[in-house]
Amino acid sequence: MGVFENLLEGGEQNIMRRCNGIVSLAEKANKAVKSLIKGGGSVKIIKGIEEDSDDVAFELTNIVTGGGVAPNLIDDLLELIDKEDSIVDSVYNLARELNRYKIKNAKIRSVLANRIGEMSDLADAALRELYNMQKSDKLAEIKKFRAEIEKLEERGDDLKDSLFDMAYDAETDFKAFYHIFEVAHEADNVLDSCEDSSDMYLTIMSSILT
Amino acid sequence: MLASTAILLFLEFVIMALVSGNNLSVCSGTIIGSRMTTRRNGVLLAVLGYAAGFLLEGKLLRRGIYAVMPVRSTELIILALSIAIVIFIIAHKKRVPQSLSVNFISILLGISVALGFRVDWTFTIFIIAFWILAPLLSVLVMIPAMRKASGAATGWHIWKAVGRIKLALFMLSFFTAFTLGANTLGFLYSALPDGASLLAIVVALAAMLFGGVFLSGAELNRIGSEIISMRYLNSVVSQSLSAFFVELATIVGIPLSNTQTFTASIYGAGLSYKGRLMSRSPAISIVFTWVLGALLSFALAFFISLLLL
């Protein structure tokens, strides 16, 4: 039976395995953002990772549309690939926003760096959960991973809200105010995209058999 | 005599080729459509299944034939096949689903009644009852079968399960073709008068190959996409049930349409979903056209027999 199973490894399973390649790139990009927050790193490195992710997503899209995948799963798989690529795009956008402007007020700058750092840690954890989720093929386990990612995303929402509160409360100029909002949104987008990807993966795995 | 036999064999070839091509989508449509295999391999699997079923169990359908048409001559069967082919082609052009088994029995019955043959009405009514009960049972059994299978599936390792289901689907595709070869193609062969047996078998096998390769159309499009989208578990359960009923019918000697039972089981799969969005109209129109097709086939055969014979 093992030989037959190998012969019949479906296109769907192959695609899912390769989607984890995009998630790994997202983890790599997120680690680079954490370096950026600490004052090191480079946006160029993250841009390179983002381009790699686009290439992988393009290749996977061609595989999905080229055949070997059950037709009723094609749209869902394409959406999953797109959502996972969006994670890397969001990380890249976050890196660009962080690099765009330096808030003059040291205290506000420090709080912003700490909160974004925390959100990046949450993104790290969410990406790890997503990676493990996509290695699993038992629905009960997948649902647990999805629930964890949802909790992490909610914590990210709380941090985002706290940044908005800080932007409104603090004595800042317009540029700083706008910068805080943009950075908070982009950091939150990373977690949102992780949650969306997990939802999509659960949808696909729930619908493969039944 | 030779000319009649030649015409008979030609018509046999035509109708068997049409049936083989038309029903291939029921047999191998799932494994081709879900891209488990290429069209070429799917066709080959189906043709092999047809041949195996036809050769091993085709003769079992004689009982059904003798019940509706106890007297068969070359001329009568030529007439019956001609009417059947004309109806089949018109229905195909108009993209109206028809059951050859139902129509052909109706045609034979129409001829028998017109010519005053002693029809075995008990068995004929049994055949009709089976045509009604088998699809109904398919629908009814599918609902709990799918719910049980879906419930069990939540605990499975999905990729392992998918691999096994795909293997099962390959085997089922062959078995579905086997049951069609035995039932529908065997039934057509059984209608032939004795004396042309070996050549008729060769012609039948050639027709299966020709029909499978050149005439396999897209009838499953209506069945698959207009009623509900097929998933692996749906496919394996509905195809199993459909093949089971056709095999049961073959053993009893009743011609039964694969398309009827398969359509019914797919409908049953759809009904088993709690949150379903299904269109009733294709199912209703399919049932309506089947019944109408049977009645028209009977009427046509009856009146043509009265006129010509």
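Criteria and cut-off values
Residues numbered from 1 in each chain as written. Chains lettered and ligands numbered in written order. Predicted model: local features only at pLDDT ≥ 70, side-chain atom pairs only at ≥ 80, totals over all residues. Heavy atoms only, no water. Helix = DSSP H or I, 4+ residues; strand = E, 2+ residues; numbered from the N terminus. Rg over C-alpha atoms; globule rule 2.2 N^0.38 Å. Buried < 20%, exposed > 50% of the residue type's maximum accessible area, 1.4 Å probe, protein only. Contact = heavy atoms within 4.5 Å. Areas by Shrake-Rupley, 256 points an atom, 1.4 Å probe, with all protein chains shown as cover. Lys, Arg positive; Asp, Glu negative; His and termini not counted. Charge placed at Lys NZ, Arg CZ, Asp CG, Glu CD. Buried area = accessible area lost by both parts, 1.4 Å probe. Salt bridge = Lys/Arg side-chain N within 4 Å of Asp/Glu carboxyl O. Polar contact = N/O pair within 3.5 Å; in protein donor to acceptor, adjacent residues only side chain to side chain. Phe/Tyr/Trp six-rings, centres within 6.5 Å; stacked < 30°, edge-to-face > 60°. Lys NZ or Arg CZ within 6 Å of the ring centre and 35° of its normal. 1 Å grid on protein atoms, 1.4 Å probe; cavity = no way out; pocket = protein on both sides within 12 Å on 5 of 7 lines; lining within 4 Å. Points joined across faces, edges and corners; volume = space filled by probe spheres on them. Axes fitted to C-alpha atoms, helices over the stretch in contact; angles between N-to-C directions. Left-handed = near helix turned anticlockwise from the far one by under 90°. Nonpolar A, V, L, I, M, F, W, Y, C, P; charged D, E, K, R; others polar.

Colleague: What's the story with the overall build of chain A in this structure? I'm lost.
Modeller: What chain A contains, in helices and strands, is 7 helices and 0 strands. Against the compact-globule benchmark of 17 Å for 210 residues, chain A has a radius of gyration of 19 Å, which places it among compact chains. Taking the principal axes of its C-alpha atoms as reference, chain A extends roughly 65 × 35 × 25 Å. Within chain A, buried positions represent 49% of all 210 residues. In chain A, once contacts between residues fewer than 6 apart in sequence are set aside, the share between residues at least 24 apart is 82%. Accessible area for chain A stands at about 9,800 Å²; split by element, carbon and sulfur atoms hold 49% of it. Distance between charge centres in chain A, computed from 26 positive and 42 negative side chains, equals 7 Å.

Colleague: Can you walk me through the interface of chain A and chain B in this structure?
Modeller: A common way to report how large an interface is uses the accessible area buried once the components associate. Each partner contributes to the interface: chain A provides 24 residues, whereas chain B provides 27 residues. Counting each side, the surface lost to burial between chain A and chain B is near 2,300 Å², with a carbon and sulfur contribution of 65%. Counting across the interface, chain A meets chain B through 1 salt bridge. Between glutamate 12 of chain A and lysine 166 of chain B there is a salt bridge whose closest N-O contact spans 3.6 Å. Between the two partners, chain A and chain B, sit 4 residue pairs in polar contact (both at pLDDT 80 or more). Within the residue set of the side of chain A that touches chain B, elements represented by two or more residues are α1 (2–7), α2 (11–37), α4 (71–100) and α7 (174–209) of chain A. Take the side of chain A that touches chain B: its biggest share by element is 4 residues, from α7 of chain A.

Colleague: Please clarify how the packing of aromatic side chains should be interpreted in this entry.
Modeller: Two descriptors summarise a pair of aromatic rings, namely the distance from one centre to the other and the angle between the planes of the rings. In total, this model carries 15 aromatic pairs over all chains according to the counting rule given. Relative to phenylalanine 214 of chain B, the ring of phenylalanine 210 of chain B has its centre 5.1 Å away and its plane inclined at 50°; by these criteria the two rings are tilted. On the criterion of helical spacing, the pair formed by phenylalanine 210 of chain B and phenylalanine 214 of chain B is a turn pair, its members being 4 residues apart in helix α8 (residues 197–214). What makes phenylalanine 210 of chain B partly exposed here is its relative accessible area of 35%. Judged by relative accessible area, which is 60%, phenylalanine 214 of chain B ranks as exposed. Ring pairing ties together the aromatic residues Phe164, Tyr168, Phe177 and Phe181 of chain A, which thus form one cluster. Lying across the ring of tyrosine 131 of chain A, arginine 128 of chain A places its NZ or CZ 4.5 Å from the centre.

Colleague: For this particular structure, what's the right way to read empty space enclosed by the protein?
Modeller: Over the atoms, a rolled probe matching the size of one water molecule traces out where space is still vacant. Residues and elements named next belong to chain B. On inspection of all chains with the given rule, the structure shows 4 cavities of 30 Å³ or more. Each pocket or cavity is described by its volume, and for the second largest cavity that value is around 80 Å³. Along its surface, the second largest cavity is lined by Val19, Asn22, Asn23, Phe88, Gln98, Ser99, Leu100, Ser101, Thr184, Ser257, Asn258 and Thr259. Breaking the lining of the second largest cavity down by element, the ones donating at least two residues are α1 (2–33), α5 (100–115) and α11 (258–271).

Colleague: What's the story with the packing of helix α10 (residues 232–252) of chain B against α11 of chain B in this structure? I'm lost.
Modeller: Any two packed helices are characterised by how steeply their axes cross, that is the angle between the axes, and by the distance between the axes. Residue and element names in this part refer to chain B. Relative to each other, α10 and α11 sit at 140°, their axes nearing to 8 Å. The handedness of the crossing between α10 and α11 is right-handed. In this structure, α10 uses Asn234, Ser238, Gln239, Leu241, Ser242, Phe245 and Val246 to contact α11, whose residues at the interface are Asn258, Thr261, Phe262, Ser265, Ile266 and Ala269. Grouping the constituent residues of the contact of α10 with α11 by class yields 6 nonpolar, 7 polar and no charged.

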